[in-house]
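The residues making up each chain are set out below.
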Amino acid sequence: DAGVTQSPTHLIKTRGQHVTLRCSPISGHKSVSWYQQVLGQGPQFIFQYYEKEERGRGNFPDRFSARQFPNYSSELNVNALLLGDSALYLCASSLGVAGSNTEAFFGQGTRLTVV
Amino acid sequence: QKEVEQDPGPLSVPEGAIVSLNCTYSNSAFQYFMWYRQYSRKGPELLMYTYSSGNKEDGRFTAQVDKSSKYISLFIRDSQPSDSATYLCARKRGGNQFYFGTGTSLTVIP
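Residues numbered from 1 in each chain as written. Chains lettered and ligands numbered in written order. Predicted model: local features only at pLDDT ≥ 70, side-chain atom pairs only at ≥ 80, totals over all residues. Heavy atoms only, no water.

A. Quick peek at the side chain of A:S73. Residue and element names in this part refer to chain A. Note that S73 resides in the loop between β7 (64–68) and β8 (74–78). Polar contacts involving the side chain of S73 include one to the side chain of N71, which spans 2.7 Å. Ignoring anything within four residues of it in the chain, the contact list for S73 reads C23, S24, P25, R67 and Q68. (Helix = DSSP H or I, 4+ residues; strand = E, 2+ residues; numbered from the N terminus. Polar contact = N/O pair within 3.5 Å; in protein donor to acceptor, adjacent residues only side chain to side chain. Contact = heavy atoms within 4.5 Å.)

Here it is as structure tokens:
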């Protein structure tokens with residue numbers, strides 16, 4: 001069974017540029033969440049989507065946005081990149097958003113380097 | 001104060017040792033906790049989850065929650081070199097949104 005897949009695995013961007021990261025959840029999972037993991041830190045929650053609707057947002061600036069598509073895949077967009085945006089971006093999927101359906105499975109992440 | 005505090009280590013133990021990893025949390029709401037294992041350059045992998053207080057055992061791993069002291073622990077028995085990784089504790093904030101600790105780096109020496 002395919003797990004959570006993220007693309008690309010690595011990318012390098014220049015300050016001020018825009019980036020789009022993609023995530024495909026486990027088949028049958030309807031919720032996707034995005035996390036940012038800076039080197040040496042734990043993941044920090046950015047967004048959660050369920051059934052194409054935003055269900056939660058972490059403490060990140062408006063330069064960060066996301067959406068979920070009818071097939072439950074998701075995109076994370078970051079505008080006006082800063083050096084501090086360099087991190088591992090993780091996508092997690094779960095069946096739903098309540099009870100035991102919230103068990104979250106993570107992808108391998110996209111390592112973004114801003115230069 | 002962070003929602004979940006975790007000693008980053010690093011922690012180094014000989015093969016076969018019992019490992020104790022600990023976190024503290026500040027908010028008593030959402031008594032749902034997880035332990036994730038993260039190998040270098042990989043995504044976190046769910047090890048165990050517990051709800052409320054008490055112990056939960058799965059093979060060599062035991063997760064423990066002490067509500068009175070707001071303390072969560074992961075014990076690894078008969079540790080193996082393959083257990084060398086970063087261990088992340090997390091507390092549910094709602095839905096599948098979690099607060100994570102900073103992670104503890106563990107090395108098991110053969």
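B. Inspection of the state of the cysteines at higher detail. Residues and elements named next belong to chain A. What the rule picks out here adds up to 2 disulfides over all chains. Note that C23 is cross-linked by a disulfide to C91, the S-S spacing being 1.8 Å. One quick way to see it: the torsion about the S-S bond of C23 and C91 is about -65°, and its sign makes the bridge left-handed. Taken together, the residues C23 in strand β3 (residues 19–24) and C91 in strand β9 (residues 87–94) connect sequence positions 68 residues apart. With respect to class, C23 is no different from C91; both count as buried. (Disulfide = S-S within 2.5 Å. Buried < 20%, exposed > 50% of the residue type's maximum accessible area, 1.4 Å probe, protein only.)

C. Quick look at the interface of chain A and chain B. Every contact between the two is made by 27 residues of chain A and, on the other side, 20 residues of chain B. For the pair chain A and chain B, the summed buried surface comes to about 1,800 Å²; carbon and sulfur atoms form 45% of the total. Along the contact surface separating chain A from chain B lie 0 salt bridges. Taken together, the connections running from chain A to chain B amount to 6 residue pairs in polar contact (both at pLDDT 80 or more). Ranked by residues supplied to the side of chain A that touches chain B, first place goes to β9(A) with 5 residues. Grouping the amino acids of the side of chain A that touches chain B by side-chain chemistry returns 9 nonpolar, 14 polar and 4 charged. (Buried area = accessible area lost by both parts, 1.4 Å probe. Salt bridge = Lys/Arg side-chain N within 4 Å of Asp/Glu carboxyl O. Nonpolar A, V, L, I, M, F, W, Y, C, P; charged D, E, K, R; others polar.)

D. Broad picture of the pattern of salt bridges. Tallied over the full model, the rule gives 9 salt bridges over all chains. Between A:E75 and A:R67 there is a salt bridge, with the nearest N and O atoms lying 3.3 Å from each other. In this structure, the salt-bridge partner of B:E57 is B:R77, at a minimum N-O distance of 3.4 Å. Here the residue B:E57 occupies a position in strand β6 (residues 54–58), and B:R77 occupies one in the loop between β8 (71–76) and β9 (85–94), the gap between them amounting to 20 residues.

E. Geometry of the sheet that holds strand β1 (residues 5–7) of chain A. Residues and elements named next belong to chain A. Sheet architecture is open: 4 strands sit in the order β1-β3-β8-β7, paired in antiparallel fashion. Whereas interior strands pair on both sides, the edge strands pair on one side only; in this sheet they are β1 and β7. Between one strand axis and the next, the sheet turns by 15° as a mean value, whatever way the strands run. Note: β1 against β3, 3 bridges, orientation antiparallel. Within β3, the position partnered with Q6 by the bridge is C23. (Pairing = 2+ DSSP bridges. Axes fitted to C-alpha atoms, helices over the stretch in contact; angles between N-to-C directions.)

Note that every value here comes from positions in space, so none of it alone points to a role or purpose.
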